[in-house]
Amino acid sequence: MSNVMNAAEPDTDLAAEVLWCVQHIEMILTQGKLGEKKAKEARISRKLLKNPDTPLVKKRQAMRSSCGDYRAKMKAEERETKLENEKIKVGKVMVKKHTFFKKSVAKASDQSGKAEFKFNFNVQ
């Protein structure tokens, strides 16, 4: 049973690493601070990482070339978000119940429905 858990764990780690690298590459591309050559390499790396048929070795190579030491960067980002989460306070939210009252309109006599509408124009 533990062998099954250990076998599935690297797949989820790889998926998380690939997702992080794709987001990192897209963030860099949207900033627009890269030169033409670097931007082209980043787009190629993003395309390789998004393709499910790309071999594992090629994905790892693309992640290393475009993101550098992506594992260390991921851990640093995770530590940073943990620090931010510690600053957040959790409290109760008071929920007020709202009641909606619909007013019904009493129907007037049948004559009001049959009354004609006339324009007040003077035609000569």
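You'll find the structure just up there.
As a starting point, this report considers the structure included with it. (Residues numbered from 1 in each chain as written. Predicted model: local features only at pLDDT ≥ 70, side-chain atom pairs only at ≥ 80, totals over all residues. Heavy atoms only, no water.)

**Things to note about the packing of helix 2 (residues 36–50) against helix 3 (residues 56–67)**
Operational definition: Every axis corresponds to a line fitted to the C-alpha atoms, with the helix fit spanning only the stretch in contact, and the corresponding angles, defined between N-to-C directions, vary from 0 to 180 degrees. Put simply, DSSP H or I for four residues or longer makes a helix, DSSP E for two residues or longer makes a strand, and each gets a number counted from the N terminus. Each crossing gets its hand from how the near helix is turned against the far one by less than a right angle, where anticlockwise is left-handed and clockwise is right-handed. Note on contacts: a residue pair is in contact if any heavy atoms of the two residues lie within 4.5 Å. Think of it as three bins: nonpolar holds Ala, Val, Leu, Ile, Met, Phe, Trp, Tyr, Cys and Pro, charged holds Asp, Glu, Lys and Arg, and polar takes everything else, Gly as well.
Contact geometry of helix 2 with helix 3 gives a least axis separation of 9 Å together with a crossing angle of 145°. Between helix 2 and helix 3 lies a crossing of left-handed hand. Contact with helix 2, carried on its side by Ser45, Leu48 and Leu49, involves Lys58, Lys59, Ala62, Met63, Ser65 and Ser66 of helix 3 and no other residues of that element. Partitioning the contact of helix 2 with helix 3 into residue classes produces 4 nonpolar, 3 polar and 2 charged.

**Quick notes on the side chain of His24**
We count it as follows: Remark: exposure states derive from per-residue accessible area (1.4 Å probe, protein chains only) relative to the maximum for the residue type, with buried under 20%, exposed over 50%, and partly exposed in between.
One can find His24 in helix 1 (residues 2–31). Among the residues examined, His24 registers a relative accessible area of 16% and is labelled buried. If sequence neighbours within four positions are ignored, His24 has contacts with Cys67 and Lys73.

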